[in-house]
Amino acid sequence: MQIKLSFFGGAHNVTGSQYLLEANNIRLLVDCGLYQEREFQYRNWEPFLFPPHSLDAVLLTHAHVDHCGLIPKLVREGFRGRIYCTTATSEIAQIMLMDSAHLQEEDAEFKKRRHEREKRRGLFPEIPLYTVDDARASFPFFSPVNYEEIVPLGEGVKASFHDAGHVLGSSVIVVTVTQDGESRTILFSGDVGRVNRPILRDPTVFSQVDYLVVESTYGDRIHEALESVTDSLAEIINSTWKKGGNIVVPTFALQRSQVILYHMNELLMENRIPHLLVFLDSPLAISITEVFKRHSELFDREMSRLMRYKKSPFDFPGLKMVQTVDESKALNHIKGTVMILAGSGMCTGGRIKHHLVTNISRRESTILFVGYQAIGTLGRQIVDGAKRVRILGQYYPVRARIAETHGLSAHADRNELFQWISNLKSAPRRVFLVHGEPEAIKQFGQFLRENTGWEITMPDYRAEISLA
Ligand SMILES: [Zn+2]
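Residues numbered from 1 in each chain as written. Predicted model: local features only at pLDDT ≥ 70, side-chain atom pairs only at ≥ 80, totals over all residues. Heavy atoms only, no water.

Visitor: Is there a simple way to think about the sheet that holds strand 2 (residues 19-23) in this case?
Guide: The strands that make up a sheet are held in pairs by hydrogen bonds between backbone atoms, and each pair lies either parallel or antiparallel. On the basis of which strands lie adjacent, the open sheet formed by seven strands has the order 6-5-4-3-2-1-22 and mixed pairing. Each edge of the open sheet is held by one strand with a lone partner, namely strand 6 (142-145) and strand 22 (464-467). Across the sheet, the mean angle separating the axes of adjacent strands is 25° when strand polarity is ignored. One ladder, built from three bridges, connects strand 4 (residues 57-59) with strand 5 (residues 82-86); its direction is parallel. (Pairing = 2+ DSSP bridges. Helix = DSSP H or I, 4+ residues; strand = E, 2+ residues; numbered from the N terminus. Axes fitted to C-alpha atoms, helices over the stretch in contact; angles between N-to-C directions.)

Visitor: So what exactly am I meant to see when it comes to the coordination of the zinc ion here?
Guide: The protein atoms donating to the zinc ion are H62 (NE2), H64 (ND1), H166 (NE2) and D191 (OD), with metal-donor distances spanning 2.2 Å. Every donor counted, the four donor atoms about the zinc ion form angles of 92 to 164° at the centre, which fits irregular coordination. In terms of primary sequence, the donors binding the zinc ion are separated according to H-x1-H-x101-H-x24-D. A residue pair is termed long-range when its members are at least 10 positions apart, and H64 in the loop between strand 4 and helix 2 (65-68) and H166 in the loop between strand 8 (157-163) and strand 9 (171-179) qualify at 102 residues. With respect to burial, H64 and H166 carry one shared label: buried. (Donors = N, O, S within 2.8 Å, 3.2 Å for Na, K, Ca; no water. Tetrahedral: all angles 85-135°; square planar, octahedral: opposite > 155°, others 65-115°. Buried < 20%, exposed > 50% of the residue type's maximum accessible area, 1.4 Å probe, protein only.)

Visitor: What is the right way to look at helix 4 (residues 87-118) in this model?
Guide: For the α-helix, the turn length of 3.6 residues means that residues three or four positions removed from each other point alike. With 32 residues, helix 4 extends 46 Å between its outermost C-alpha atoms, agreeing within 8% with the 46 Å of an ideal straight helix rising 1.5 Å per residue. Looking one or two places after helix 4, you find K119, whose phi comes out positive at around 50°. (Expected span 1.5 Å × (residues − 1).)

Visitor: Mind showing me how you'd approach the side chain of R256 here?
Guide: The residue R256 is located in helix 7 (residues 256-269) in this model. Here R256 sits buried without a salt bridge, and the closest side chain of opposite charge, D191, lies 9.8 Å off (N-O distance). Within the structure, R256 has its side chain in polar contact with the backbone oxygen of V370 (distance 2.7 Å). Within the structure, the side chain of R256 is placed 3.4 Å from the backbone oxygen of L408, a separation counted as a polar contact. In this structure R256 touches T251, V370, G371, L408, S409 and A410, once residues within four positions along its chain are discounted. (Lys, Arg positive; Asp, Glu negative; His and termini not counted. Salt bridge = Lys/Arg side-chain N within 4 Å of Asp/Glu carboxyl O. Polar contact = N/O pair within 3.5 Å; in protein donor to acceptor, adjacent residues only side chain to side chain. Contact = heavy atoms within 4.5 Å.)

Visitor: When you look at the pattern of salt bridges in this model, what are you seeing that I'm missing?
Guide: Side chains bearing opposite charge may pair, as long as their charged atoms lie close to each other. Applying the stated criterion to the full structure yields 24 salt bridges. The closest approach of N and O atoms between E109 and R113, which form a salt bridge, is 3.9 Å. Of this pair, E109 and R113 both sit in helix 4, four residues apart, roughly one helical turn. On the basis of relative accessibility, which here comes to 48%, the residue R113 falls in the partly exposed class. Ionic pairing is found between E270 and R272, a salt bridge with its closest N-O pair at 3.7 Å.

Visitor: Please explain the packing of aromatic side chains as it appears in this structure.
Guide: Each pair of aromatic rings is reported with the distance of its centres and the angle of its planes. Evaluation of the coordinates by the stated rule reveals eleven aromatic pairs. Taking 6.4 Å as the distance between ring centres and 55° as the angle between the ring planes, the aromatic pair formed by F79 and F141 counts as tilted. You can see F79 sitting in the loop between helix 3 (71-76) and strand 5 and its partner F141 sitting in the loop between helix 5 (132-138) and strand 6, a full 62 residues away along the chain. Judged by its relative accessible area of 0%, F79 is buried. By relative accessible area, which is 18% here, F141 ends up buried. Linked through ring pairs, F7, Y19, F188 and F432 together constitute an aromatic cluster. Stacked on the ring of F48, the Lys or Arg K73 has its end atom at 4.8 Å from the ring centre. (Phe/Tyr/Trp six-rings, centres within 6.5 Å; stacked < 30°, edge-to-face > 60°. Lys NZ or Arg CZ within 6 Å of the ring centre and 35° of its normal.)

Below is the structure:
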């Protein structure tokens, strides 16, 4: 067999996923992600490690920008093939890419002004990595497919997409290569979701593959149980209600916002919390929620039942969608307890900053963090216990209650990843661990070796490996 697999991103780090598969004179790129870690962002500006026009197709696992965020650049630089992904991924990815392009444009403008003021030059050019027009120009190349459909990619090469249970439309992608009557299957996990989670179905399991390329984001961690998440959510809402403060939730637009609404709906139906107004104050999250509403065929059984009985978590009494900035600012004048969900999830920008200004110094309010806070972000400073923080150029004392829940992750933890892999009835020829911090990959690799005896490879950035 002559198959080559190259690891051009998401190798010993968690963003910038990009894998090149070459076989039968066909070149496929699996994911085309943006680097988000500060130390690797320079790679976003480097030329692709292959001529973009030489690719036959791109296969996208899902719509998070660390998996699809470089698509506009790829198309601008000459890619003209098809971008295969599920319909929901195609819809959400286009929303995410427009948002990303807006941020790139704003960022470039901001840096230009700052550098002019400080009379210096920055590390990267003061132009956007890509523009809104670049993002829009990539949309005609999207070719939606259904789960389980066989997608022919050329002589002896085909792919299929299977529900990964991570975010709406997310996929595990299996590529099958046939040469001289022999076949090999290569499975790309994308990000693996979790069993028994709200809204989405469980990740699809596989009993046989030849090569496994699997993520390791939480390969060294075990998540909090889901029951304790609803309990702590109920406790936070009830105690903040008693004090008369607000609950301010910095949240991510894709999946996390919808899952919080799901739990709010659940707590309201069970009468475990008072009927309070809940504001989804994020145009991005609202647009993505609309995609959820259009794709009820992707929901799990519990969620389908809620929809059937008109108990949609995206439509409960008291839920308000906030589109304009003026409406958003008006929320600060409401008396009594409300819950405000706004982006960005790590408080690095967006409308959340205004809500923090209004609430962070009020003892009666709660700031509830529902996701990972990266080092160096305002969110991280707050959860680390800063006594005062700088928001929009001014300092504010932190007096609000700071709460965190860790059980809402959309990624499988170490045990869940192992459970998922354990469905394989025989050892793959080789397992490649990708998409994880070096320490997570190392620990997960050791754990897998000890528990399976399989051959585990932890490929370096730019590693090019021949598959037999
Ligand atoms: Zn993801």
